[in-house]
Amino acid sequence: MAVITAISAGVATGAMITVWWQMSGHTSMLTSTVLVLAQLYGPAILLLTPLIVVGAWSRLALKAHTPAQVCAGVALGTCTALAFALLR
């Protein structure tokens, strides 16, 4: 239930922000996924952290987002993982 609640809150927050400013949902989900999996399965999962960097880079390279929008996505993903930690 903690995962469902945290991810739902993250998606809802991202959707509300995107109405006015298009933050990167891709980097948000990548970040939250890696950080939640690390909480569930241990710090070895943090070896997947470069996937976040590759995802962020791709959003910039494709000119889909600005650097600020990508950073906001990472921040939201981190907050989502923090919410999971608090609900767990």
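For the structure, check the block above.
Residues numbered from 1 in each chain as written. Predicted model: local features only at pLDDT ≥ 70, side-chain atom pairs only at ≥ 80, totals over all residues. Heavy atoms only, no water.

1. Details of the overall build of the protein
The number of helices and strands found in the protein is four helices and zero strands. Scaling as 2.2 N^0.38, a compact globule of 88 residues should have a C-alpha radius of gyration of about 12 Å, and the protein matches this with 13 Å. Once the C-alpha set of the protein is aligned to its principal axes, its extents read approximately 35 × 30 × 15 Å. In the protein, the proportion of contacts linking residues at least 24 apart, taken out of those at least 6 apart, comes to 73%. Surface summary for the protein: the accessible area is close to 5,400 Å², and the carbon and sulfur share equals 78%. (Helix = DSSP H or I, 4+ residues; strand = E, 2+ residues; numbered from the N terminus. Rg over C-alpha atoms; globule rule 2.2 N^0.38 Å. Contact = heavy atoms within 4.5 Å. Areas by Shrake-Rupley, 256 points an atom, 1.4 Å probe, with all protein chains shown as cover.)

2. A few points about helix α2 (residues 25–41)
With 17 residues, α2 extends 24 Å between its outermost C-alpha atoms, agreeing within 8% with the 24 Å of an ideal straight helix rising 1.5 Å per residue. Those residues of α2 lying buried are T27, S28, T31, S32, V34, V36 and A38. On its buried side, α2 packs onto α1 (2–18), α3 (50–61) and α4 (67–87). The first or second residue beyond α2 is G42, which carries a positive phi of 105°. (Expected span 1.5 Å × (residues − 1). Buried < 20%, exposed > 50% of the residue type's maximum accessible area, 1.4 Å probe, protein only.)

3. Section: a nonpolar patch on the surface
Where nonpolar side chains cluster on the molecular surface, the patch consists of M16, I17, V19, W20 and W21 and spans about 600 Å² of accessible area. Mapped onto the fold, M16 is located in helix α1. For M16, a relative accessible area of 52% corresponds to the exposed category. (Patch = residues over 30% accessible without salt bridge, like charges linked within 9 Å, V, L, I, M, F, W, Y side chains within 5 Å. Salt bridge = Lys/Arg side-chain N within 4 Å of Asp/Glu carboxyl O.)

4. Considerations on the state of the cysteines
In this structure the tally under the stated criterion is zero disulfides. C71 takes part in no disulfide bond, and the closest cysteine sulfur to it belongs to C79, at a distance of 13 Å. Assessed through its relative accessible area of 48%, C79 is described here as partly exposed. (Disulfide = S-S within 2.5 Å.)

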